[in-house]
Protein chains: 2
Amino acid sequence: MEVEATTLANKVCDRIVKDIITGDIAQGQKLNEPELARIHGISRGPLREAMSRIEAMRLITRVPNVGARVVKLSYGELLEIYQIRESLEGLAARLAAQTMSVEEKSELRLLLTSHHKHILDTQGRSYFQQEGDVDFHYRIVHGSKNKRLIDMLAGDLYQLVRMYRYQFSLSSNRPEQALKEHDQICSAIEEGDGELAEWLMKRHINNARNNIMLRMQAQSDPQIGETP
Amino acid sequence: MEVEATTLANKVCDRIVKDIITGDIAQGQKLNEPELARIHGISRGPLREAMSRIEAMRLITRVPNVGARVVKLSYGELLEIYQIRESLEGLAARLAAQTMSVEEKSELRLLLTSHHKHILDTQGRSYFQQEGDVDFHYRIVHGSKNKRLIDMLAGDLYQLVRMYRYQFSLSSNRPEQALKEHDQICSAIEEGDGELAEWLMKRHINNARNNIMLRMQAQSDPQIGETP
DNA sequence: TCCATACATATTGTCTACACTTTTTACGTA
DNA sequence: TACGTAAAAAGTGTAGACAATATGTATGGA
């Protein structure tokens, strides 16, 4: 068994990203280098490399000679992200329909049946639907075979989506409906109908966005920003 | 006049990115840290921070304990990039049509007339059309007001596009046609017709892609990769 | 009381030195 | 000659110290 070679900077980068996504490091919080280095048991050199990467994925913002802060999530930015996802994942679905292998397609279908089973088991109040949703989208994105598209969607953008899900508790409250839409998309992909798959995926993400908007407006004033 | 505060890592990052884009640092070339540090007159600390960021924008790839190499451009990846641009810039055009201010729209129109003049002056063999094209797209992207979209398109992705343009000499050989398409897009934006603007932009980028494909196939075997 | 200035502290930016890994070179053996 | 092994060199990863900048605090004057 080969132990994957890596660096302290890599490991600490992953850990900090995780902490930011889960909210263990709060929005807008200042990142103190000596403190962070001490916490993770490394020196400031590799830590700063890690921070450079985290900055590049736009989870923190840095001001020269001042320091780094975790970004603040906002309602507006969430909508921006969904606009982009609609566009890019639509593309991914079209490409997936054209290029996914038979094996990949049948695995996708299997994934859906397991989701269906899970929803029945949990009577619809499926917490895991959230991760299942990620799974489904993740597979389609990879099925597109477009490396750069995969990097963009499965990389930085999904980290952000996960961050919002964690910190705004955005798990789906309509698992049956989402599953039905997934099923339609899967069928289109199985039939190699790229155009339809794209259209369905866009509508699916648009529905999800509208759903989120409604729920956020319901919370009279969403718990966003305003941490001075 | 305020001198923008910055760090050595930032400055050197920009310089190295530029060198990679122009080809002064060749595709696939190994980056030697002590040598690079000496060239730019800094120590390895800030240099490595710069490299972390350049890695994040996927202009170099790094292997732990081995080193960093400049990525290799490929025909396939160029097509991937154009697929993504078609999707995202289509979105940008739609948003721009909906949100650009009157001033922005008239500036966009002014830009086009100056391009038109320039093409007439240079009898169509417009070298600068290339940069003008970038300008036009750049403005629309910014007109979308979607910050993340702007970051994605005007940031890493355009660096890549510029790299291909430099190293494959991909300046447009159809400036009049491109200008006409720009004009159509501009009109749609002026009228606030987002759907049409999106459709036109997608076709425009698709045309550009087809044009590039033809020219690359013309070069019996494109001067791509194969630098061992 | 309020503001401005100067000092003290904390934090970031950078450099140098050292440890560890990989690659290259030299050598000996089949 | 070809191959494998071991030493040497080069290169990357990390730590700690120093320099430069920003922030906070205290003091003095209006």
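A short tour of the structure in this document, coming up. Just so it is clear, the structure is predicted and the values come from calculations on it, not from any experiment.

**What about the interface of chain B and chain A?**
- Across the boundary between the two partners, chain B contributes 33 residues, which contact 33 residues of chain A.
- Buried surface at the junction of chain B and chain A, summed over both partners, amounts to about 3,000 Å²; 51% is from carbon and sulfur atoms.
- Across the contact surface, chain B and chain A share 10 salt bridges.
- The salt bridge partner of A:Arg53 is B:Glu55, with a shortest N-O separation of 3.4 Å.
- Taken together, chain B and chain A are joined by 16 residue pairs in polar contact (both at pLDDT 80 or more).
- Mapped onto the side of chain B that touches chain A, the elements with two or more residues apiece are helix H3 (44-56), helix H4 (75-99), helix H7 (147-168) and helix H9 (194-218) of chain B.
- Top element by residues in the side of chain B that touches chain A is H4(B). It accounts for nine residues.
- Split into classes, the residues belonging to the side of chain B that touches chain A amount to 12 nonpolar, seven polar and 14 charged.

**Remarks on the relation of the copies chain B and chain A**
- Once turned by 180 degrees and shifted 0.0 Å along the axis, chain B lies on chain A with an RMSD of 0.0 Å. In symmetry terms, the pair is related by a two-fold rotation axis. Identified as the residue of chain B closest to the rotation axis by C-alpha distance is B:Glu49, at 2.5 Å.
- In this assembly the copies share their binding face: 100% of the residues contributing to the interface of chain B also contribute to that of chain A.

**What about the protein's contact with DNA strand D?**
- Around DNA strand D sit 19 residues, and of these A:Leu8, A:Ser43, B:Asn32, B:Arg44 and B:Arg48 come closest.
- A breakdown of the atoms of DNA strand D within 4 Å of the protein gives sugar and phosphate a share of 76%.
- In this structure, A:Leu8 approaches DNA strand D through a main-chain N or O atom, which is 2.6 Å from a phosphate oxygen.
- A distance of 3.2 Å separates a phosphate oxygen of DNA strand D from a polar atom in the backbone of B:Asn65.
- The set of elements that each furnish at least two residues to the surface near DNA strand D consists of helix H1 (8-22) of chain A together with strand E1 (30-31), helix H2 (33-40) and H3 of chain B.
- Taken together, the residues of the surface near DNA strand D break down into nine nonpolar, six polar and four charged.

**Concerning the sheet that holds strand E2 (residues 60-63) of chain B**
Residues and elements named next belong to chain B.
- If you trace the three strands from one edge of the open sheet to the other, you get E1-E3-E2, paired in antiparallel fashion. Where the open sheet ends on each side, the last strands, each with one partner, are E1 and E2.
- Judged from the two bridges that link them, E1 and strand E3 (residues 67-70) form a sheet pairing that is antiparallel. Paired with Lys 30 across the bridge in E3 is Arg 69.
- Running over the sheet, H3 touches E1, E2 and E3 and is turned about 115 degrees from E2.

**Things to note about the protein's contact with DNA strand C**
- What surrounds DNA strand C is a group of 19 residues, the closest being A:Arg44, A:Arg48, A:Asn65, B:Leu8 and B:Ser43.
- For DNA strand C, the fraction of protein-proximal atoms (within 4 Å) that sit in sugar or phosphate groups is 73%.
- A:Asn32 has a polar side-chain atom sitting 3.1 Å from a phosphate oxygen of DNA strand C.
- A:Arg48 is positioned such that a nitrogen or oxygen atom in its side chain is 2.4 Å from a phosphate oxygen of DNA strand C.
- Grouping the amino acids of the surface near DNA strand C by side-chain chemistry returns nine nonpolar, six polar and four charged.

What counts as what
Residues numbered from 1 in each chain as written. Chains lettered and ligands numbered in written order. Predicted model: local features only at pLDDT ≥ 70, side-chain atom pairs only at ≥ 80, totals over all residues. Heavy atoms only, no water. Contact = heavy atoms within 4.5 Å. Buried area = accessible area lost by both parts, 1.4 Å probe. Salt bridge = Lys/Arg side-chain N within 4 Å of Asp/Glu carboxyl O. Polar contact = N/O pair within 3.5 Å; in protein donor to acceptor, adjacent residues only side chain to side chain. Helix = DSSP H or I, 4+ residues; strand = E, 2+ residues; numbered from the N terminus. Nonpolar A, V, L, I, M, F, W, Y, C, P; charged D, E, K, R; others polar. Least-squares fit on C-alpha atoms with pLDDT ≥ 70 in both. Near = heavy atom within 4 Å. Pairing = 2+ DSSP bridges. Axes fitted to C-alpha atoms, helices over the stretch in contact; angles between N-to-C directions.

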